[in-house]
Amino acid sequence: LGVKMKNIRLITLLLAALFLLNLAIDGRVSSSKPTEPQSGIKRQVAGRLQNRVNVLPDKLRSTAESLVSSKIPDEKRRLIEVLDDSSLDSVGDLFVDLLAHEPVAAVRLDLVNYLTRNPRPVLRPALDRAAKSDPDPDVAVAALEGVRAIEVQELRGVLKQRLEQS
């Protein structure tokens, strides 16, 4: 019974810490707009996006190429939905790069929602950045949920390990 009480206390403390961390991140969300990249940076971004597309499986590659090259928000959203069925890390990596340079809030929200449904620790910096600085409050809140999902995933691993050791 004593071990169970310690575990319950540990879980309670970790959840309280997670809640406070979320409040701290939420309090720092900024409404600053992203700056327009210079042409050299645009070339680097285009090269990076093309590299991300090239590592995708053949069946996803043409859809990803269309997504990267599209200028029409509704078309981008449709293509994100098509790619949404894949939980491959390479799709998430592509979406992280697209998120950083997408001007349309609805498209950014679709990207963040995908990343939140497929959380990985490596995605945390991108979601943290979006939570703190995306000018659209819906995108910022969704990104904060993504950060929370990653933290919960990490805490589950720690708790599982501790329970296995006790």
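Residues numbered from 1 in each chain as written. Predicted model: local features only at pLDDT ≥ 70, side-chain atom pairs only at ≥ 80, totals over all residues. Heavy atoms only, no water.

Asker: Sorry if this is basic, but what is going on with helix α4 (residues 73-83) here?
Answerer: For an α-helix, 3.6 residues make a turn, and residues three or four places apart therefore share a direction. Listed in full, the buried residues belonging to α4 are K76, L79, I80 and L83. Down the axis of α4, the smallest arc covering the buried residues is 105°, so these residues share one side. Looking at α4, the residues exposed on the side facing more than 90 degrees away from the buried face are D74 and E81. Tucked inside the fold, the buried residues of α4 contact α3 (58-69), α5 (89-101) and α6 (105-117). (Buried < 20%, exposed > 50% of the residue type's maximum accessible area, 1.4 Å probe, protein only. Helix = DSSP H or I, 4+ residues; strand = E, 2+ residues; numbered from the N terminus. Arc of directions from axis to C-beta. Contact = heavy atoms within 4.5 Å.)

Asker: How should the pattern of salt bridges be read in this particular structure?
Answerer: For side chains of opposite charge, pairing can occur when their charged atoms come near one another. Scanning all chains against the criterion turns up 15 salt bridges. Its salt-bridge partner being K76, residue E102 comes within 2.8 Å of it at the nearest N-O pair. Here the residue E102 occupies a position in the loop between α5 and α6, and K76 occupies one in helix α4, the gap between them amounting to 26 residues. Neither residue differs from the other here; E102 and K76 are each classed as buried. The salt bridge involving E145 is made with R148; its shortest N-O contact spans 3.0 Å. Separated by three residues within a single helix, E145 and R148 lie in helix α8 (residues 137-165), roughly one turn from each other. For E145, a relative accessible area of 37% translates into the label partly exposed. Each member of the salt-bridge network shares a partner with another, and the members are R48, R52, D89, D93, D97 and R120. (Salt bridge = Lys/Arg side-chain N within 4 Å of Asp/Glu carboxyl O.)

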